[in-house]
Amino acid sequence: MLSHLYPGPVNPTKGIFVHEQVRALQRLGHDVRVVSPTGWAPPGLSRWSAHRSVPRSDVLEGVRVLYPRKISLPGAKLGAQNARIMAAALRGPLRRIYKRWPFDIIHAQMVVPDGWAAVQIGRDLGVPVLATAHRADVIDLPARSPALAAQVREAIGAIDQIVTVSRSIKDYTEAAGTPIRPIEVIPNGADTEVFYPRDRAETRRRLGVPEEGLVISYVGQLVPRKGVDILIEALGMLSSRMDPLPLLVAAGKGPIREDLERRAAELGIGERVRFVGKVPHDEVAEYMSVGDVFVLPSYSEGLPTVACEALNCGVPIVATAVDGTPEVVRDGETGLLVPAGDAPALADALERILTDHDLRRRLAEQAVIIGRKEFTWDANARQSVRLYEGVIG
């Protein structure tokens, strides 16, 4: 598995979804090892000091991980050179691994830079490459520059098998290039040993959330793309319609937290909004489960893993109808959908679901059924193995 997104000492939750996929593949009896390039930390620069603590190799919950160094700059400033630098940094380590352990396939997470780099090395070794397109690699990158658009197009045309996390991302990928084989869709999932229905009152007691009253839960980054500002506006609208106003418990960090807190105070709802910061991955399920409803007000998503996790926790969802989200949050079946950026519509949907106990119960029951059937990492791993076998031949 090749992924620049993978947990490590600097960020233990970075790319946690890739780690969960690897663990699921291991449970099926497959020998999977991870190569996750990390930024080279120049001596004397304090802002990069944490990267120097990353070991060259590690074992994370039974997964062997190699962290080779590569030149990196924040904000995607390297452009199309990033993939070329990654390929140069990985060629030696992967050749050495292959001599000791002749692997059958390289699975790269993201078409660019990982997939493009994997193709260059896979050709040298005679090893096929499968790559998963998530969102940014086929939507954001091609829009940044003609060079990146050309690189994405080249990668799509050279990777032996492309997988996308949703049908929506499949459409974007096909528009960005011409694949060798038909693109397959394999959605993200959830670890059902962690994400399962919990006793809500007990979970609230443990996290210090009031047992009585309605609660809205949110887990995710506090960045503009996630639309949490629209959620705050929607709560402000509900303050004149619901008494008491439901409590928002939001887990996550990001640069707009202070702006969100300031706006909540301006709307007079500051006491009904609780930002708890970033939480460990093993506590995410609990913060989801304190809510009578989970909300995902994003402007863009690939296939939101948090939605898969909320389903498996048995929490109904109100979400925006963007990209792959409707493939998980099915309107009237596992949750309610609203247009992105529409605070009045979001307020209406939250009011509807929070004031109709029978609707919440029905959506929650169906969420667990569909979550267990379609959106688990074990299901993802079984489908991935089928494709590996087809590519290997």
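In case you missed it, the structure is sitting above this.
Residues numbered from 1 in each chain as written. Predicted model: local features only at pLDDT ≥ 70, side-chain atom pairs only at ≥ 80, totals over all residues. Heavy atoms only, no water.

Below, the discussion takes up the overall build of the chain. Helix and strand counts for the chain come out as 14 helices and 15 strands. Principal-axis analysis of the C-alpha atoms places the extent of the chain at approximately 65 × 50 × 40 Å. The proportion of buried residues among the 393 residues of the chain is 55%. In the chain, once contacts between residues fewer than 6 apart in sequence are set aside, the share between residues at least 24 apart is 68%. Seen as two clouds, the 48 positive and the 47 negative side-chain charges of the chain have centres 8 Å apart. (Helix = DSSP H or I, 4+ residues; strand = E, 2+ residues; numbered from the N terminus. Buried < 20%, exposed > 50% of the residue type's maximum accessible area, 1.4 Å probe, protein only. Contact = heavy atoms within 4.5 Å. Lys, Arg positive; Asp, Glu negative; His and termini not counted. Charge placed at Lys NZ, Arg CZ, Asp CG, Glu CD.)

With 71 residues, the main nonpolar core has F103, V111, I159, M288, F294, I317 and V328 as its most contacted residues. For this core, the element with the most residues is helix α3 (residues 111–125), which contributes eight residues. Every residue in contact with I159, bar those within four places of it in the chain, is listed here: V111, G115, V119, V129, L130, A131 and I180. (Core = buried A, V, L, I, M, F, W, Y, C linked by side-chain atoms within 4.5 Å.)

One key point about sheets: their strands pair by backbone hydrogen bonds, in either a parallel or an antiparallel sense. In space, the six strands of this open sheet follow the order β12-β11-β10-β13-β14-β15, with parallel pairing throughout. Of all strands in the sheet, those bounded by a partner on one side alone are β12 (273–277) and β15 (335–338). Each adjacent strand pair in this sheet contributes to an overall mean axis angle of 20°, direction not counted. Pairing of strand β13 (residues 293–296) with strand β14 (residues 317–320) involves three bridges; the strand directions are parallel. (Pairing = 2+ DSSP bridges. Axes fitted to C-alpha atoms, helices over the stretch in contact; angles between N-to-C directions.)

What the rule picks out here adds up to two aromatic pairs. On the basis of an interplanar angle of 75° and a centroid distance of 5.1 Å, the ring pair of Y98 and F103 is categorised as edge-to-face. Taking relative accessible area as the criterion, F103 reaches 9% and is therefore assigned buried. Look at W101 and F103: their rings are 5.9 Å apart centre to centre, the planes differ by 50°, and that puts the pair in the tilted class. Take W101 and F103: they sit in the same class, and that class is buried. Of the aromatic side chains, those joined through ring pairs into one cluster are Y98, W101 and F103. Over the face of the ring belonging to W101 we find R33, whose NZ or CZ atom lies 4.1 Å from the ring centre. R198 extends its terminal NZ or CZ atom over the ring of Y196, reaching a point 4.2 Å from the ring centre. (Phe/Tyr/Trp six-rings, centres within 6.5 Å; stacked < 30°, edge-to-face > 60°. Lys NZ or Arg CZ within 6 Å of the ring centre and 35° of its normal.)

What follows is about unusual backbone geometry. A cis amide bond links V112 with the next residue in sequence, P113, at an omega value of 10°. Mapped onto the secondary structure, P113 falls in helix α3. Non-glycine residue E61 carries a positive phi angle of around 50°. Along the chain, E61 falls in the loop between β3 (57–60) and β4 (63–66). Residue E61 is classed as exposed on the basis of its relative accessible area, which comes to 53%. Located in the positive-phi region is D323, a residue other than glycine, with phi close to 45°. Along the chain, the position of D323 falls in the loop between β14 and β15.

Another point: the packing of helix α1 (residues 16–27) against helix α14 (residues 377–392). At a minimum axis separation of 8 Å, α1 and α14 run at an interaxial angle of 70°. Accordingly, the angle class assigned to the pair α1 and α14 is roughly perpendicular. Together, F17, E20, Q21, A24, L25 and R27 of α1 and W377, D378, N380, A381, S384, V385 and Y388 of α14 make up the contact between the two elements. (Parallel < 35°, antiparallel > 145°, perpendicular 65-115°, else oblique.)

This part covers the packing of helix α7 (residues 200–207) against helix α10 (residues 281–289). Angle between the axes and distance between the axes: these two values describe a pair of packed helices. Running from N to C, α7 and α10 point in directions that differ by 115°, and their axes come no closer than 9 Å. Here the hand of the crossing between α7 and α10 comes out left-handed. Contacts from R200, T203, R206 and L207 in α7 reach E286, Y287 and S289 in α10. Its residues assigned to classes, the contact of α7 with α10 comprises two nonpolar, two polar and three charged. (Left-handed = near helix turned anticlockwise from the far one by under 90°. Nonpolar A, V, L, I, M, F, W, Y, C, P; charged D, E, K, R; others polar.)

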